[in-house]
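Listed below are the residues making up each chain.
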Amino acid sequence: MKKTIFILSAASLMLAACTQEMVPQEPVAAVPGPTSFTASVEVEPTPKAVLDRNGSSKPQTFWENGDAISIYSSSDTDLSAAVGHKYVTTLGANATEAEFVLDGESTALPSGNYLATYPYRSAARGVNFSVSPYRVAAVDVPNAQTLVAGTYDKKACPMVAFAAEGSSAFSFKNAAALLKFSVSETNIVAGRIEVDAADKISGRFRADVDVTTHIPNLVTYTGQTYYNYINFTIDGSAALATGTDYYVAIRPTVLTSDLKIYLNGNLVKTINTSKLKAIERNQIYNLGTLSTPASIAEKKLVFDFTGAALSGWPTAKDQMSTNQSGGLGCTYPLYGTNYTFTLADCTGADGRRVYWSETATYGHRIVFENAERYVGFPAIAGYKLVHVQCESAQLNAASASIKPKMGITSNVVASGSNPTYVTGGDLQEWKAGNNHESYDYELSGTVGNTIYYLYCKVKGGFRNCTLTYVPI
C-alpha cells in the first residue's frame, strides 16, 4: 500500500487560486514494514491449563515448516475487507520460536501497528485499528475438526498477536479453549460435542485484542454463522487409540445447557452446567476417559453429502427411478452399519429429480430439483426419530429467487395432495442462496421402526443432515 503526500510550490498555489486548476499529486512511497518477524506462542499463567502444554511441564513444539500467518498493518488503506499480508516460515525442525518472512505472492507490508492471526486465511477479514481494543474479524473455531493423537489440531485453534510500530516480534495468545479426553474402546472413529441450540461453541467470530495485555476476547458479530456442535474425526488411522489424549478446540462462552459427548453416534456422557459453565480461552477442560454405556440413551447420526455420491444413489447423470412403489432405497454406511435412505417422488410423478448432485460451483449435496419430492430417513429397530437438523445448500445461480419449503411427513402422497406433517415437522421456509444455514425440526409423537420423510413442497437442497433417535 502507498501513502500520498501533497507537495505544492508557492507559484503553484497562486496559479491554483487564479485558475482553480488541480495540480498533479506527487506520490511518495509509504514507509515499509519489517521484512521478517519472529513469532512465539506465549506461555501464560496456570501452566497445567495453557494450550501449548500437554497437561505437563514440558511445552509442545508448535511451529512447523511451511506454517503461515496473516499480518495486518494500521497503515493499510482498506482494512474493512483486508486480506492479510502472508508471512511464512522455513524450518528444518519444529520450534517454539520461528522467523516468518513475506511470502513471494503477498504484497509488501507498510509500517504501523500490527495484528497477526494464525492460521493464515486467504479470504478477507475486517480489521479495525481505530477502536480500543483493536479488532480482527473472521476468526474461526471450525465445527468440523480432525483429531491428532497426543496433541491438538493447530489449524482448529486460532491464535492472535499484537506488535507496536517499530517492533518485529509477535507473542501469540490462544483465542480458544480445548476439551481433552481419551477413549477406552478400539472402534471409535468419530464423535460429536453438542449443546442446546441457544448456546454456540463453534463458528466464525471477532477477536478484540487489548494492546496492553494483548489478551483476545472472542465476540459474535452480525452476519456470521455459529454452531451449537463440533463434529470430529481421527487423522491418519481408522480409529482413536485407547489411552491416548485427544483435544477439540471450542469457542469461549458461558453455557446455559448441558454439554453432550457422542462417540460413533452414541451418547456417552453428559456434563451438567453446574460442573462446566464458563468456558474460558486458553484453558484445557478434561472430559476424562469416555466409554459407550451398555444401554444407549440416544443416537445422533450425522450424514454428510458434501463428498462424491455413494454407489447406488441417483445422480444428475444416472437418474435411477425414484417413483416406483416405496421409492428407491439407498445405502449410507456409517460407523460400521448400513443405513437406508428412501428417495421418492409423488405417485405418478415422472421427473425423478431427487438425487445426489455434484457441480463445480456448488459442490456435492442432495437436491430436490422439482417440488413434491421426498427423502425418507432411516428407520432403526428399537428407536424412534425425535429430531432432524439439515444444513441448506444452493441449487443454482437463480435459486436466490426461490423460497424452498421443507417439512417432515409420515407418508408419501399423490401430487397435489397434502401430506401429514409430524408434530414439530411443519413446513419451514429455507434460504435458497449459498448460506449453508441449519434448520431444526423437534419432533414429537413419532413411533419406532418407522420411516419419516423430509418433504420438499418447493424445490431446495441440503448438504448434510443430523438425525437424533431415542429408544422406544
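Scroll up to find the structure.
Bear in mind the structure is a predicted one, so any value in this text is a computation, not a measurement. (Residues numbered from 1 in each chain as written. Predicted model: local features only at pLDDT ≥ 70, side-chain atom pairs only at ≥ 80, totals over all residues. Heavy atoms only, no water.)

Draft legend 1. Region of the structure containing the nonpolar core. In this structure, Trp-63, Ile-69, Ile-71, Leu-115, Val-136, Phe-170 and Phe-172 are the most contacted members of the largest nonpolar core, which totals 50 residues. Here this core takes six residues from strand 7 (residues 134-141), the largest share from any one element. Excluding residues that lie within four positions of it along the chain, Phe-172 makes contacts with Ala-39, Ser-40, Val-41, Glu-42, Trp-63, Ile-69, Ala-116, Thr-117, Tyr-118, Met-159, Val-160 and Ala-161. Leu-328, Val-375, Ile-380 and Tyr-439 belong to the second-largest nonpolar core, a separate cluster that totals 37 residues. (Core = buried A, V, L, I, M, F, W, Y, C linked by side-chain atoms within 4.5 Å. Buried < 20%, exposed > 50% of the residue type's maximum accessible area, 1.4 Å probe, protein only. Helix = DSSP H or I, 4+ residues; strand = E, 2+ residues; numbered from the N terminus. Contact = heavy atoms within 4.5 Å.)

Draft legend 2. Spatial organisation of the sheet that holds strand 17 (residues 246-250). With mixed pairing, three strands are arranged side by side in an open sheet as 17-11-22. The sheet terminates laterally at strand 17 and strand 22 (284-290), the two strands that pair on one side only. The average angle at which neighbouring strand axes cross in this sheet is 25 degrees, direction not considered. With five bridges connecting them, strand 11 (residues 177-183) and strand 22 associate as parallel partners. Each bridged residue has a counterpart across the sheet, and for Leu-178 the counterpart in strand 22 is Ile-284. (Pairing = 2+ DSSP bridges. Axes fitted to C-alpha atoms, helices over the stretch in contact; angles between N-to-C directions.)

Draft legend 3. Focus on unusual backbone geometry. In this chain, Tyr-118 is followed by Pro-119 through a cis amide linkage whose omega measures 0 degrees. Tracing the chain through its elements places Pro-119 in the loop between strand 5 (114-118) and strand 6 (127-128). Positioned with a positive phi, Asn-282 is a non-glycine residue whose angle comes to about 70 degrees. Within the secondary structure, Asn-282 is located in the loop between strand 21 (278-279) and strand 22. Classification of Asn-282 as buried rests on a relative accessible area of 2%. Its identity as a non-glycine residue notwithstanding, Asn-449 has a phi of 55 degrees, on the positive side. Residue classification places Asn-449 among the partly exposed positions, given a relative accessible area of 47%.

Draft legend 4. How the structure looks around the environment of Tyr-247. Residue placement: Tyr-247 occurs in strand 17. Once the C-alpha coordinates of Tyr-247 and Ser-182 are considered, the two residues, 65 residues apart in sequence, prove to be 8.9 Å apart.

Draft legend 5. Here's a closer look at the environment of Gly-407. Checked against the element boundaries, Gly-407 lands in strand 30 (residues 405-409). As for Gly-407 and Tyr-455, which are separated by 48 residues in sequence, their C-alpha atoms are 5.2 Å apart. Residue contacts for Gly-407: discarding those within four places in its chain leaves Tyr-421, Gly-425, Asp-426, Leu-427, Tyr-441, Tyr-453, Leu-454 and Tyr-455.

Draft legend 6. Highlighting the sheet that holds strand 30. Spatially, 24-25-28-33-30-31 is the arrangement adopted by the six strands of the open sheet, whose pairing is antiparallel. Every other strand in the sheet has two partners, leaving strand 24 (328-334) and strand 31 (428-429) as the edge strands with one partner each. Taken together, the two bridges between strand 30 and strand 31 define a ladder with antiparallel strand orientation. Paired with Lys-405 across the bridge in strand 31 is Glu-429.

It is worth stressing that arrangement in space is one thing and function is another; only the former is reported here.
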